[in-house]
Amino acid sequence: MKSLLASHLRPIIDGQDVATGHLAPAIRPSTGEPFAEFHRAGPAEIDAAVGAAAKAFRHWSRTSFAERKRHLGLLLDVVRRSHVEIERLIAVEQGKPIGEARAVDIVPAADTLRYLSRFLGELLA
């Protein structure tokens, strides 16, 4: 897995990193200093992302509850394995302490993924 704090962050459209040619700084709110550059999406990239999302939805809407639960479980595994890096990124991006990022962002997201990966069928029945 690439570092979430890579120096040039690109939009991911249809599974591909897209270089937009329009770089913008990501600013650390606590210091006002830039900590990374990201590729800013323009109208063409936004249209491509919407098209890719519509295509993905058509595929996803045909998947079984069991397959959806499996994917949610895989996502939970990624959050568990990467939580330290994600917490650091949230802390830098939002200017909050890592403990707060963990308590307010990571733990609730993991709890929701865990719950959905176990009870999706019952919730959607």
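A quick note: this is a predicted structure, and the numbers were derived from the prediction, not measured.

Q: Give a description of helix H3 (residues 98-124) that names residues and reports values.
A: Every α-helix carries 3.6 residues per turn, so stepping three or four residues along brings you back to the same face. Along H3, the sharpest change in direction is near 65° and occurs at Arg118. When we look at burial in H3, the residues that qualify are Ala101, Ile106, Ala110, Leu113, Ser117 and Leu120. As for H3, its buried residues are in contact with helix H2 (65-94).

Q: Which residues make up the packing of aromatic side chains, and what are the values?
A: Counting across every chain of the model gives 1 aromatic pair. Ring centres of Tyr115 and Phe119 lie 5.0 Å apart, and the angle between their planes is 50°; on these two criteria the pair is classed as tilted. Of this pair, Tyr115 and Phe119 are both found in helix H3, 4 residues apart, which corresponds to roughly one turn of the helix. Given the relative accessible area of 36%, Phe119 is considered partly exposed.

Q: A description of H2 should follow, citing residues and the corresponding values.
A: Its 30 residues give H2 an end-to-end C-alpha distance of only 35 Å, which falls more than 12% under 44 Å, the value for a rise of 1.5 Å per residue. At Ser82, H2 shows its largest kink, close to 75°. Note on H2: the residue one or two positions beyond its end, Gly95, has a positive phi of about 70°.

Calculation criteria
Residues numbered from 1 in each chain as written. Predicted model: local features only at pLDDT ≥ 70, side-chain atom pairs only at ≥ 80, totals over all residues. Heavy atoms only, no water. Bend = angle between axes of the 7 residues up to and from the residue. Helix = DSSP H or I, 4+ residues; strand = E, 2+ residues; numbered from the N terminus. Buried < 20%, exposed > 50% of the residue type's maximum accessible area, 1.4 Å probe, protein only. Contact = heavy atoms within 4.5 Å. Phe/Tyr/Trp six-rings, centres within 6.5 Å; stacked < 30°, edge-to-face > 60°. Expected span 1.5 Å × (residues − 1).

Purely geometric stuff here, so don't read any function into it on its own.
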